[in-house]
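Summary of structural features
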Amino acid sequence: MAESPLIAIQQVSKRYPGVLALSDITLDILPGELLAIVGENGAGKSTLMKILAGVITDYEGQITLRGNTVRFASTREAENLGISIIHQELNLVEQLSASANIFLGRELRRPSGFLDQQAMDRRAGKLLAELECHIDPSELVRRLRVGDQQLIEIAKALSLETGILIMDEPTSALTESEVARLFRVIQRLRERGVTILYISHKMDEVFRLADRIAVLRDGRLVEVLARRETDARKVTHLMVGRELAETDVSSPRSVGDVVLEVDRLWLSWPRHARGWRLEDISFALRRGEILGIAGLMGAGRTELLECLFGASDEVPSGRIVLDGQEVTFSHPAEAREAGVALVTEDRKRLGLFAEMTVGQNITLCTLEQSLRGGLLSRGLEQQHAEGIVSRLGVKTACVEAPITSLSGGNQQKTIIGRWLLTQPKVLLLDDPTRGVDVGAKAELYRLMDQLCRQGLGIIVTSSELPELLTLCDRILVLCEGRQTGEFSRRDATEQRIMEAATMRRVSASACAV
Amino acid sequence: MVERESNGLARRWARLHSNEFGLLLTILVVVALTALFSSAYRDKPLQNLQEILRQTSLLGVFALGAAIVIISGGIDLSSGSVIAFSGAICASIMLALAPVDEAGNPMTQNLGAGIYTAAIAGTLAVGFLIGTLHAWLITAVGLPPFVATLASLVGLRSLARVFVQEVTASLTTTGKTTQIYIYDENFSKLGTTWWIPLCIFCGLSFLAWLLMSRTVVGRHLYAMGGNEAAARLSGIRTDHLKWLAYCLGAMTASIAGILYTAEVGTSYPQVQGLGYELNAIAAAVVGGCSLQGGVGLISGTMLGVLFLRVVIDSVAKIIKFGSADDYEGIIVGFLVVLAVAFNELRQARSGTGKQFFPGALGIVAIGVLALLSGTLATITVGKQAGMVVFGVLIVLGAASRFRQRVSRQHPPQTG
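**Let's talk about the overall build of chain A**
The secondary structure content of chain A amounts to 18 helices and 22 strands. By the compact-globule yardstick of 24 Å for 513 residues, chain A fits well, its C-alpha radius of gyration being 25 Å. Principal-axis analysis of the C-alpha atoms places the extent of chain A at approximately 70 × 50 × 50 Å. For chain A, restricting intrachain contacts to residue pairs at least 6 apart in sequence, the fraction spanning at least 24 positions comes to 67%.

Quick look at the structure:
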């Protein structure tokens, strides 16, 4: 290696109680390169980047930057030395304007000591224009689209004259055109000599952008590959440590009669230019069928499931027929009683009870089944919980263990188990494999297939198309709240679904500009 | 296998109740120290025990309600004023139903069971109405619990004062007064005979334990406190649960209001229950309830109340002069900070080398702590002791800062 490294990571380890998150990582980062860091969830990508950016401050090992040993005590110190990080969950103050966010902590002042708002707006506007982000710098961040918000973070990094930019899965919430814009921005940054560390698990992006690819697995650095000398298959293989097992859920299922019918469903969106979250959605779900719902972020997937579960803020109009009976749910409790179950998208925020045990998380919806003489019976409750644990193969020490001691996949099974106890007719799964590693994903697929064969009607959303293509009998595509496509298993391809998912209305895109 | 399981169960039980064991131990230590330094406990052990238990029970009754509200993820700041308001309602009902003498003034010496029942039932009903108002403001109007109950804290006491004046003006010939006297001896026993409040407290504690630990509703209250959005999406009717929680909070305060009124034979809303809401919240927090919700036990709350009363009593016994009431606030404030800080530190035990006195804030904080302790020592012991305590704390603080600096291998880089 002729060039001397810009950053040398030497034998860095990070230990959490009971877990070795990073083990003995040694990695050189060359000036001006774009190094992609890939790995499964929990492989340690984010941990390593957080150490580099000064977010995590206690670790073993040593980091040298331009030949000097450094140990950041805060992100501020890292920023001062030219390292910025853009987190997957953006780190902006939503109540402040774009320019205020860009200059947060380093506000420009007039000689009198008061804020120089005009100068900040002017400079922010210039920075944003360089990034093809044509917004008013004094606009509040919460009114902006995710893609623009992300560019604000990048503008902030630019204003710091960042030489090293870390991006943690930057495209996960972007539309196609925003992704294209981001890639152009990345290209421009590289021309300016910025070194970029790019975390992703999307092979197409990695192979389009990267010079080198570092593969992490279970906290270890498996290999660093030059892009030209490898291919996606090889990298995927290194990431999971085995060839991706084709989950066998493809054998035909026998589909029964209609269990859920949705007819002309509209959901309003007050105080929003679009006016409707969902427009004129109609479909039917049969017993023993998995219906997939595809769509980009903000297409209305979650909103649709919430409508079916009585959890939407506004009352939808239209007809929902469950098992031959027209229903209107004003509260999830009614949906639950009628036989609809929803496993929410954001497990931590909307699904788990972190203070409770595995068993208590399982039985929460169906405590009536554990009553003896009007009071809760520990024995009955444990029996029900253990039934689910063994039926779904939840890996836990015992049902009394805290739910937080489980891995993401097992937590998800626990929540699915909670709903299976309610004996639903229709199971709604909102992006159930989010934050779940590959091995556990395959298990969840098998579980869904198995439940489906037992006669359950399942609706599943996902942000990963291949997942829907393996799992579903039919796929419904949403775009900006409208139903823009429906494909049977035979007809569905990634290409066709993406076309439908980006089928914007002309007037709508005109409005957006 | 069986042995291992029971062993695990015992360990789980011990872990679950570690907070209670700690409290129990501390209570015993405080009692032993008090007995060592003051002759009061040695001379009249039974009388002291009864007095502590009576005081504990009076506070405990509405601390139970506060704990349930806190576990469910809310906060009830109104209990002190609900106590005063309930006392006024209870006394007013008694006054209205009491037989009248020739001059037209009610005679409250001998009221009889019917009047007691009516007064207590009426007061509890008012408690229910107050709780309902809170729940409506919080769930339907969307006020934060802090604001809704703060409004009652301010408003209800004022309303009670006006109400007492109106009642006395219309029911007696003596005109407007700020207090209502109830001379009935049997009624006053409710608050003064030590075992009656104790029985009420224990009975209510049992019911609260049953509710929180053994019923579906209780489990749902914990779930709502731990994660309200997830609870709603699990089909739990969170609005109904809040209604229940705030009603329990207000009704336990109403019961306490009856007992406090009985204790002194007077409804005097200007001072009755003043500031008690914080004692109840403090007892629940010291007992292990998390203000974030979802965590806490009835048994812990009971011990938290006992602990608070024991420390207040012990300080009163050791200091010997001044009224114990004057010191109550200092003790409660100190204990709350200590208990919560202790819990926080126990949870954040990752050994990140937390700095207690960082930067300029640390320097001023050392000064504040030394000044506070020095002042307290001056008041309770004497001028010299105050100076010594002040000096010692300054030295200790300086030493702590010095150690911080040494332990930091890499001095911060200034950009």
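**Observations concerning the overall build of chain B**
Of the regular secondary structure elements, chain B holds 17 helices and two strands. In terms of C-alpha radius of gyration, chain B reaches 24 Å, essentially the compact-globule figure of 22 Å for 415 residues. With the C-alpha coordinates of chain B rotated into their principal frame, the extents come out at 85 × 60 × 55 Å. A buried classification covers 40% of the 415 residues belonging to chain B. Long-range contacts, defined as pairs at least 24 residues apart, comprise 75% of the intrachain contacts of chain B with a sequence gap of at least 6.

**Remarks on the confidence of the model for chain A**
Residue and element names in this part refer to chain A. Per-residue confidence for chain A averages 86 on the pLDDT scale, and 93% of its residues sit at or above 70. Mean pLDDT values over the elements of chain A span from 40, in helix H18 (residues 506-512), up to 96, in strand S16 (residues 340-343). This stretch, residues 506-513, has a pLDDT under 50; its non-local contacts, to residues over four places away or in other chains, come to three contacts.

**A look at the domain arrangement of chain B**
By domain assignment, chain B separates into domain 1 (20-347) and domain 2 (359-406). For domain 1 of chain B versus domain 2 of chain B, the distance between C-alpha centres works out to 36 Å.

**A word on the domain arrangement of chain A**
Taken domain by domain, chain A comprises domain 1 (7-240), domain 2 (245-339 + 425-513) and domain 3 (348-423). Each of domain 1 of chain A and domain 3 of chain A has a C-alpha centre, and these two points are 38 Å apart.

**So, the interface of chain B and chain A**
For an interface, size is often stated in terms of accessible area lost upon the parts coming together. Facing 22 residues of chain B, the contacting portion of chain A comprises 27 residues. For the side of chain B that touches chain A, the elements supplying multiple residues, two or more each, are helix H10 (216-226) and helix H11 (228-233) of chain B. Taken together, the residues of the side of chain B that touches chain A sort by class into seven nonpolar, ten polar and five charged.

**Brief notes about the sheet that holds strand S8 (residues 195-199) of chain A**
Residue and element names in this part refer to chain A. If you trace the six strands from one edge of the open sheet to the other, you get S6-S7-S8-S3-S9-S10, paired in mixed fashion. Every other strand in the sheet has two partners, leaving strand S6 (83-86) and strand S10 (220-226) as the edge strands with one partner each. Mean inter-strand twist for the sheet, computed between neighbouring axes without regard to direction, equals 20 degrees. With four bridges connecting them, strand S3 (residues 34-38) and strand S9 (residues 212-217) associate as parallel partners. Looking at S9, one finds that Ile-37 is bridged to Ala-214. The sheet strands contacting helix H5 (residues 146-159) are S6 and strand S7 (164-168), and the helix crosses S6 at an angle near 175 degrees.

**Describing unusual backbone geometry**
Residues and elements named next belong to chain A. At Arg-66, a residue that is not glycine, the phi angle is positive and equals roughly 50 degrees. Within the secondary structure layout, Arg-66 lies in the loop between strand S4 (60-65) and strand S5 (68-70). Judged by the 14 C-beta atoms lying within 10 Å of it, Arg-66 is partly exposed. Although it is not a glycine, Asp-323 sits at a positive phi angle of roughly 55 degrees.

**Looking at helix H13 (residues 276-286) of chain B**
Residue and element names in this part refer to chain B. In terms of burial, H13 is a largely internal element, ten of the eleven residues being buried. Among the residues of H13, Tyr-276, Glu-277, Asn-279, Ala-280, Ile-281, Ala-282, Ala-283, Ala-284, Val-285 and Val-286 are the ones counted as buried. One or two positions beyond H13, positive phi appears at Gly-288, with a value near 110 degrees.

**Considering helix H7 (residues 145-171) of chain B**
Quick reminder: α-helices carry 3.6 residues per turn. Residues three or four places apart thus point the same way. All names here are of chain B. In this model H7 runs 37 Å from its N-terminal to its C-terminal C-alpha over 27 residues, within 8% of the 39 Å that 1.5 Å per residue would give. Bending of H7 peaks at approximately 25 degrees at the position of Gly-155. Among all positions of H7, only Pro-145, Ala-148, Thr-149, Ser-152, Leu-156, Arg-157, Ala-160, Val-164, Val-167 and Thr-168 are buried. For H7, the secondary structure elements touched by its buried residues are helix H5 (79-97), helix H6 (113-141), strand S1 (180-181) and strand S2 (266-267).

**Quick look at the pairing of S3(A)**
Residue and element names in this part refer to chain A. Across the five residues that make up S3, a large majority, five, are buried. Where burial is concerned, the two faces of S3 agree: the one with Leu-34, Ala-36 and Val-38 and the one with Leu-35 and Ile-37 are both buried. Bridge count for S3 against S8 is four bridges, and the pairing is parallel. Residue pairing in the sheet places Leu-34 in a bridge with Ile-196 of S8.

**Observations regarding the packing of H5(B) against H7(B)**
Residues and elements named next belong to chain B. For the pair H5 and H7, interaxial distance at closest approach is 8 Å and the crossing angle is 15 degrees. Comparing the axis directions of H5 and H7 gives the class roughly parallel. By crossing handedness, the relation of H5 to H7 is classed as left-handed. Listed contacts from H7 to Gly-80, Ser-81, Val-82, Ala-84, Phe-85, Ala-88, Ser-92, Leu-95 and Ala-96 of H5 are Ser-152, Leu-153, Leu-156, Arg-157, Leu-159, Ala-160, Phe-163, Val-164, Val-167 and Leu-171. When the residues that make up the contact of H5 with H7 are grouped by side-chain class, the tally is 14 nonpolar, four polar and one charged.

**Some details on the packing of helix H4 (residues 45-71) of chain B against H13(B)**
Residues and elements named next belong to chain B. Between H4 and H13, the least distance of the axes is 8 Å, while the angle of their chain directions is 65 degrees. The angle between the axes of H4 and H13 places the two elements in the roughly perpendicular class. Classified by chirality, the crossing of H13 by H4 is right-handed. Contact residues: H4 offers Leu-59, Phe-62, Ala-63, Ala-66, Ala-67 and Ile-70, while H13 offers Asn-279, Ala-280, Ile-281, Ala-283 and Ala-284. Taken together, the residues of the contact of H4 with H13 break down into ten nonpolar, one polar and no charged.

**What about the pairing of S9(A)?**
Residues and elements named next belong to chain A. In terms of residue burial, S9 counts as a mostly covered element, since five of its six residues are buried. Bridge count for S9 against S10 is six bridges, and the pairing is antiparallel. Counterpart to Ala-214 in the pairing with S10 is Val-224. Here S9 folds back onto S10, and the loop between the two strands holds two residues, one of which, Asp-218, carries a positive phi near 50 degrees.

What counts and how
- Residues numbered from 1 in each chain as written.
- Chains lettered and ligands numbered in written order.
- Predicted model: local features only at pLDDT ≥ 70, side-chain atom pairs only at ≥ 80, totals over all residues.
- Helix = DSSP H or I, 4+ residues; strand = E, 2+ residues; numbered from the N terminus.
- Rg over C-alpha atoms; globule rule 2.2 N^0.38 Å.
- Contact = placed C-beta atoms within 7 Å.
- Buried ≥ 20, exposed ≤ 12 C-beta atoms within 10 Å, placed from the backbone.
- pLDDT = per-residue confidence, 0-100.
- Domains from an automatic or database assignment.
- Nonpolar A, V, L, I, M, F, W, Y, C, P; charged D, E, K, R; others polar.
- Pairing = 2+ DSSP bridges.
- Axes fitted to C-alpha atoms, helices over the stretch in contact; angles between N-to-C directions.
- Expected span 1.5 Å × (residues − 1).
- Bend = angle between axes of the 7 residues up to and from the residue.
- Parallel < 35°, antiparallel > 145°, perpendicular 65-115°, else oblique.
- Left-handed = near helix turned anticlockwise from the far one by under 90°.

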